[in-house]
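# Structural characterization, general
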Amino acid sequence: MQQAEQATNAAGEWLDVGRLEDIPRQGARVVRRAEGDIAIFRTIDDQLFALRDRCPHKGGPLSQGMVHGLQVACPLHDWKIHLDSGQAVAPDAGCAARFPVRLDGERVLLSLLAEEGCPER
Amino acid sequence: MKEKLVLIGNGMAGMRTVEELLKIDPQQYDITVFGAEPCGNYNRIMLSPVLAGEKTIDQIMLNDEAWYREHNITLHKGREVLDIDRARRLVKAEGGIEVGYDRLILATGSRPFMIPLPGGDLDGVIGFRDIQDVDRMLAAAGKPGGRAIVIGGGLLGLEAANGLLSQGMQVSVVHLLDRLMERQLDETAAGLLKFSLERRGLQFLMEAQTEAILGQQQVEAVRFTDGTEIPADLVVMAVGIRPNVELAARIGLHCERGVVVSDTLQTYDPRIYAVGECVQHRDQTYGLVAPLFEQARVCANHLARHGIARYEGSLTSTKLKVTGIDLFSAGDFNGDEQTEELLLQDSSRGIYRKVVLRDNRIQGAVMYGDTIDGTWYFELMRDGTDVSAFRENLLFGQAHLGDSGHGDDNRVAAMADSAEICGCNGICKGEIVRAITDKKLFTLEEVRAHTKASSSCGSCTGLVETLLAHTLGGDYSATPNRKPLCGCSEYTHDEIRAAILKQALKSMSAVQRFLEWKTSDGCPKCRTALNYYLLCAWPGEYQDDNQSRFINERVHANIQKDGSYSVVPRMWGGETTPAELRAIAEIAEKYRVPTVHVTGGQRIDLLGVKKDDLPGIWGDLSRAGFVSGHAYGKAVRTVKTCVGKDWCRFGTQDSTQMGIDLEKMIWGSWTPHKFKLAVSGCPRNCAEATIKDFGVVAVDSGWELHVGGNGGVKVRATDFLCAVKTEEDVKEYCAAFLQLYREHAHYLERTAPWIERVGLSWVKQRIVEDDENRRALVERFLYSQQFSQVDPWKARAEGLDHHEYTPIKQLG
Ligand code: SRM
Ligand SMILES: Cc1cc2nc3c(=O)[nH]c(=O)nc-3n(C[C@H](O)[C@H](O)[C@H](O)COP(=O)(O)OP(=O)(O)OC[C@H]3O[C@@H](n4cnc5c(N)ncnc54)[C@H](O)[C@@H]3O)c2cc1C
Ligand code: SF4
Ligand code: FES
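Criteria and thresholds
- Residues numbered from 1 in each chain as written.
- Chains lettered and ligands numbered in written order.
- Predicted model: local features only at pLDDT ≥ 70, side-chain atom pairs only at ≥ 80, totals over all residues.
- Heavy atoms only, no water.
- Helix = DSSP H or I, 4+ residues; strand = E, 2+ residues; numbered from the N terminus.
- Contact = heavy atoms within 4.5 Å.
- Areas by Shrake-Rupley, 256 points an atom, 1.4 Å probe, with all protein chains shown as cover.
- Buried < 20%, exposed > 50% of the residue type's maximum accessible area, 1.4 Å probe, protein only.
- Core = buried A, V, L, I, M, F, W, Y, C linked by side-chain atoms within 4.5 Å.
- Salt bridge = Lys/Arg side-chain N within 4 Å of Asp/Glu carboxyl O.
- Phe/Tyr/Trp six-rings, centres within 6.5 Å; stacked < 30°, edge-to-face > 60°.
- Lys NZ or Arg CZ within 6 Å of the ring centre and 35° of its normal.
- Pairing = 2+ DSSP bridges.
- Axes fitted to C-alpha atoms, helices over the stretch in contact; angles between N-to-C directions.
- Disulfide = S-S within 2.5 Å.
- pLDDT = per-residue confidence, 0-100.
- Parallel < 35°, antiparallel > 145°, perpendicular 65-115°, else oblique.
- Left-handed = near helix turned anticlockwise from the far one by under 90°.
- Buried area = accessible area lost by both parts, 1.4 Å probe.
- Polar contact = N/O pair within 3.5 Å; in protein donor to acceptor, adjacent residues only side chain to side chain.
- Nonpolar A, V, L, I, M, F, W, Y, C, P; charged D, E, K, R; others polar.
- Near = heavy atom within 4 Å.

## A word on the overall build of chain B
- Helices and strands together make up the secondary structure of chain B, namely 25 helices and 39 strands.
- Long-range pairs, those at least 24 residues apart, make up 63% of the contacts in chain B between residues at least 6 apart in sequence.
- Roughly 34,100 Å² of accessible area belongs to chain B as shown, and the carbon and sulfur atoms make up 48% of that amount.

## Regarding the overall build of chain A
- What chain A contains, in helices and strands, is one helix and 10 strands.
- Mapped from its N terminus to its C terminus, chain A presents α and β elements in the order α-β-β-β-β-β-β-β-β-β-β.
- A total of 121 residues make up chain A; the buried ones form 51% of that total.
- Partitioning the intrachain contacts of chain A with sequence separation of at least 6 by distance along the chain shows that 39% fall at a separation of at least 24.
- As displayed, chain A offers around 5,300 Å² of accessible surface, 46% of which is attributable to carbon and sulfur atoms.

## Comments concerning the nonpolar core
Residues and elements named next belong to chain B.
- Counting 70 residues, the largest nonpolar core has L164 and L193 as the members making the most contacts within it.
- Among the elements that line this core, the one with the most residues is helix α6 (residues 155–166), at six residues.
- With sequence-adjacent residues up to four places away left out, L193 is seen in contact with L158, L180, M181, L185, L320, I325, L327 and Y368.
- Listed in part, the 51 residues of the second largest apolar core include V81, I97, L104 and L106.

## Focus: the environment of B:A678
All names here are of chain B.
- On the secondary structure map, A678 appears in strand β35 (residues 675–680).
- Sequence-wise, A678 and I691 are 13 residues apart; in three dimensions their C-alpha atoms are separated by 8.7 Å.
- Setting aside chain neighbours within four positions, we find A678 in contact with K640, A687, E688, A689, K692, F694, G695 and V696.

## Thoughts on the pattern of salt bridges
- Evaluated as defined, the whole model comprises 53 salt bridges over all chains.
- By sharing partners, the salt bridges in this structure join B:R16, B:E20, B:K23 and B:E446 into a single network.

## Considering the packing of aromatic side chains
Residue and element names in this part refer to chain B.
- Inspection of every chain in the model, using the stated rule, returns 14 aromatic pairs over all chains.
- An aromatic cluster of at least three residues, connected via ring pairs, comprises F675, F694, F737, Y741, W754 and W762.
- Note that R549 overlies the ring of W670, its terminal NZ or CZ placed 3.9 Å from the centroid.

## Side note on the sheet that holds strand β23 (residues 317–319) of chain B
Residues and elements named next belong to chain B.
- With antiparallel pairing, the five strands of this open sheet are ordered in space as β23-β24-β27-β26-β25. If you trace the sheet from one side to the other, it starts and ends with β23 and β25 (340–346), each paired once. Going from strand to strand, the sheet's axes swing by 15° on average, the running direction of each strand aside.
- Two elements, strand β24 (residues 327–331) and strand β27 (residues 361–368), share five bridges in a ladder whose sense is antiparallel. Of the residues in β27, the one forming a bridge with L327 is Y368.

## Side note on the state of the cysteines
- The final tally for this structure, using the stated rule, is one disulfide over all chains.
- In this model A:C95 forms its disulfide with A:C118; the gap between the sulfur atoms is 1.8 Å. Judged by the sign of its S-S torsion, about 130°, the bond between A:C95 and A:C118 is right-handed. Pair noted here: A:C95 is in the loop between β7 (80–82) and β8 (98–99) and A:C118 is in the segment after β10 (107–110), with a separation of 23 residues, a long-range link. When sorted by exposure, A:C95 lands in the same class as A:C118, which is buried.
- B:C686 takes part in no disulfide bond, and the closest cysteine sulfur to it belongs to B:C642, at a distance of 5.9 Å.

## A short note on the sheet that holds β35(B)
Residues and elements named next belong to chain B.
- With mixed pairing, the five strands of this open sheet are ordered in space as β34-β35-β36-β37-β38. Only two strands of the sheet have a single neighbouring strand rather than two, namely β34 (636–641) and β38 (719–724). Recorded for the sheet is a direction-independent mean angle of 15° between the axes of neighbouring strands.
- Sheet topology places strand β36 (residues 694–699) next to strand β37 (residues 702–707); six bridges connect them, and they run antiparallel. Paired with F694 across the bridge in β37 is V707.
- Along the sheet face, helix α20 (residues 655–666) touches β34, β35, β36 and β37 and points at about 170° away from the line of β34.

## A word on the confidence of the model for chain B
Residues and elements named next belong to chain B.
- This prediction gives chain B a mean pLDDT of 90; 96% of its residues lie at or above 70.
- Across residues 402–410, confidence stays below pLDDT 50; counting only partners more than four residues off in sequence or on other chains, it has 17 contacts.
- Predicted as a complex, the structure gets a pTM of 0.64 and an ipTM equal to 0.75.

## Focus on the packing of helix α14 (residues 493–502) of chain B against helix α16 (residues 524–537) of chain B
All names here are of chain B.
- At their nearest, the axes of α14 and α16 sit 10 Å apart, and the two run at 40° to each other. Looking at the two axes, α14 sits oblique to α16. Two packed elements cross with a definite hand, and for α14 against α16 that hand is right-handed. Together, H493, I496, R497, I500 and L501 of α14 and L530, Y532, Y533, L534, C536 and A537 of α16 make up the contact between the two elements.

## As for the pairing of strand β8 (residues 97–100) of chain B
Residues and elements named next belong to chain B.
- As defined by bridge partners, strand β7 (residues 90–93) adjoins β8 across four bridges and the pair is classed as antiparallel. For A93, the partnering residue across the bridge sits in β8 and is I97.
- Hairpin remark: β7 followed by β8, antiparallel, with three residues in the connecting loop; positive phi at G95, about 80°.

## Some thoughts on the interface of chain A and chain B
- Taken together, the 33 residues of chain A in the interface contact 30 residues of chain B.
- Of the roughly 2,500 Å² buried where chain A meets chain B, counting both sides, 58% is carbon and sulfur surface.
- Taken together, chain A and chain B are joined by one salt bridge.
- The closest approach of N and O atoms between A:R32 and B:D612, which form a salt bridge, is 2.9 Å.
- For the pair chain A and chain B, the number of links is 15 residue pairs in polar contact (both at pLDDT 80 or more).
- Contributions of two or more residues to the side of chain A that touches chain B are made by β1 (15–19), β2 (27–32) and β5 (66–68) of chain A.
- Here the residues of the side of chain A that touches chain B sort into 16 nonpolar, eight polar and nine charged.
- Here β2(A) runs beside strand β39 (residues 809–810) of chain B; their pairing, made up of two bridges, is parallel. By the bridge assignment for β39(B), A:R32 is matched with B:Q810.

## A closer look at the site of ligand 1
Residues and elements named next belong to chain B.
- If you check the shell around ligand 1, you find 21 residues, and the closest are Q560, T599, G600, K674 and G711.
- Take K692: an N or O atom from its side chain is 3.1 Å from an oxygen atom of ligand 1.
- The separation between an oxygen atom of ligand 1 and a polar main-chain atom of G711 is 2.6 Å.
- Taken together, the residues of the shell around ligand 1 break down into two nonpolar, 12 polar and seven charged.

This is the structure in structure tokens:
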């Protein structure tokens, strides 16, 4: 996380996408873009995570799923995805690309540079 | 520093405990394992197939040594633990090894009971317990013309005898009583079993008592009390097992038949746990793996300091692992004055079934020849299901319950590997069997996690359970009686509902705190259930938690495979007008709705609406007079009607108006699962009222009320509740039934399985026979309706939950 933050900082690409309170606790909001939506999740204890809004199973919109602990359950067939890694919870396999996201005061900052490890699809 | 956990006994129960512990808390302990046997742990129950030449030792290993290394577990194999110093918390084993512990698990299993006979110590006299015994039997069978005598005609003895027979030995089984497997079988089943084993070539000496084993160094013959002698090269004693409590007794732990443990599997020394066959719990000892695995789960839970699980004893069922012989037994099948027996016997097909009922609940069952329904009976027995509704078909099995989901597919054993088991996920038999054997799966939940089979609509659950049973042999016994709501807590649906009322818990976090939830904020399974339970318990008080609803209910529309949504407005009683149709047509065109479909529930579905358009389309529908149809919710759905007496020449009452009135009364109500109704104008029943949750059929003298029907996955026709006279009566009974269901069913349980669980008479007592209770139910229902008859669509069209329907940011 730390490293990724620096990398994107260096590229100077943090984007202000809105306020923390715009995203419901245990919920998500979507940043819409031509290359495909990005979902920003907010956990019960206000941690933020951003993933490509596409389930590795059959492309379900993860933003519409239920956020519990550090996971989201896909709304289509209930795969569970780890928010911090984008990986599907075993025994399912697959991952959704991660994007750096952080809080600056009340503002939510997102980088559009997907992190290493999980290719954007 | 990590705490030190030492396991004594590298067998099935002990290692299962370690595996369960690793699953929930892999970090807490440094784990050391002592095993007297010279290898990793293996599936002991598969020794029978190994002996019969159907499996190899390699195939039955559960964890090899690499597994222990991978999990940082120190394994001292081939090292018997000789002593434990409880004061210094030190375990002492063969070879001078000493290891300290903070917590200790005793899982020393049991030993075969060897009858103290003259000659009992001769070479060639053995028990049947471990790999070494199997090796010795195979060695004896290797010599041509060998003769074996198995003492004991129980489960283990017969499996040994059958194995030796398939290895080419001449085998006699000696049994003290006149009936084989007397603890599991009644006379008839035992007779059938004996007959087919004899046909395979086994010989039996019934009611025979062994007096001595004869020979010099090596066994040569066995003599019986009546003086006869039979030559033998091998004698296998399988007359029973004794919990192995030697070590525990030596170090002063309280032992009776077994090591006595509490509901948390702790011995009288709370640092020392005990699990498995060596244990005595509430006066019971167990000799089958299913209860031991249950103990393992509870013990691991306690070791991981979750500390809320309790082991309360198990029901067990038995199968014999002799290929080609199907036999099943569970519970008390002997019966007494208060029980009734259902019998089915077809001698030429070699089929026998006996089910013993007490108060219409299964108390025991014995089956021979065709055991495919064994798991079903066991489940009914375990859950205490009232079987009166299908009693006349009980003996014919689950396939005969008009159960379109299962049907003849139940013949699992005969199915090809390529046969599809789970239609939802496209999983075939071969895949499931492979997963069970390769991944060492033991439970339905594990199969679901690994293959997805039966994880969707669940109609193939029975098939998957049967496959498990067939693949694992006797090892499998359905999941235990007490099913916690989900992995986040130890409590059942009923316990949770009771606590909510009794403790006046009025928020999700209050429930989770009071009942010691194990996760930070639950999971989709419990949160959706809790949200409903709270809503039902505290109408007007509990604030609905939107984030604890599945997407469809959260946004009040059905998500489609492409992420778009469908919109189904309510169409009261399935009736509409040209004006309404015109409005729908205009709205569909305005929003370019790609598909307009007439649904199976007599309404119009607008499919393919983009999420951002939902509030707009709802606003237009609302202005045209429509409200939400709740087609997306666990809620009151449609009321189908036929045209009735206004038009139909057979109609006896105004069924359409009745349907409309009912729908207007109950719409908007949240329910444990969806709730559907229909009203037909005469017994021709064109509205299909008899497969609805609440069905009304008009007759000349009034109205007949039917409940608990289900179309869908598993068709069930309704039960007749009662007949009433007036429209007002229909409404009263409908509201009462709906409220009873709302207050008592488990979340995601339709009325059909609910009624099968609680029994129709239970429902009748509360609604038909108790006027006061019925009226109280109606009152509670109508009170809660004050808060639920608010059109969610209109509210959202006016801006509520705006964030659900718009992106937080649009780029580019
Ligand atoms: C739209 C409709 C099919 C149609 O085009 O005709 C439909 C569509 C769906 N049904 Fe249905 N069912 C529809 C009538 C039925 C009926 C017939 C009826 O209601 O008379 C049945 C059988 C009757 C019954 O329920 O007993 C039916 C039995 C099911 C079941 C199996 C329920 C069961 O207890 O076995 C499911 C699965 C579930 O609920 O878990 C299901 C689930 C679904 C879902 C919600 C599947 C899903 O999760 O996406 C479908 C949503 C489609 C959508 O986006 O709108 N649908 N479904 C029908 C809507 C009726 C309405 O006006 O509200
Ligand atoms: C041939 C056979 C067929 C069976 N078939 C079935 C079946 O179909 N279905 C079913 O449910 N059950 C079956 N069982 C019973 C089932 O195998 C047992 O219930 C189960 O293995 C008991 O588990 P456990 O961990 O308590 O004991 P075990 O699996 O016996 O493990 C105990 C272990 O502890 C070791 N040990 C003992 N004392 C010490 C010590 N002092 N130091 C170190 N190690 C020690 C032993 O060597 C042994 O490895 C069968 C059993 C046998 C033998
Ligand atoms: S509408 Fe019903 S029957 Fe048709 S595909 Fe969907 S769930 Fe299956
Ligand atoms: S698309 Fe996400 S689980 Fe299937």
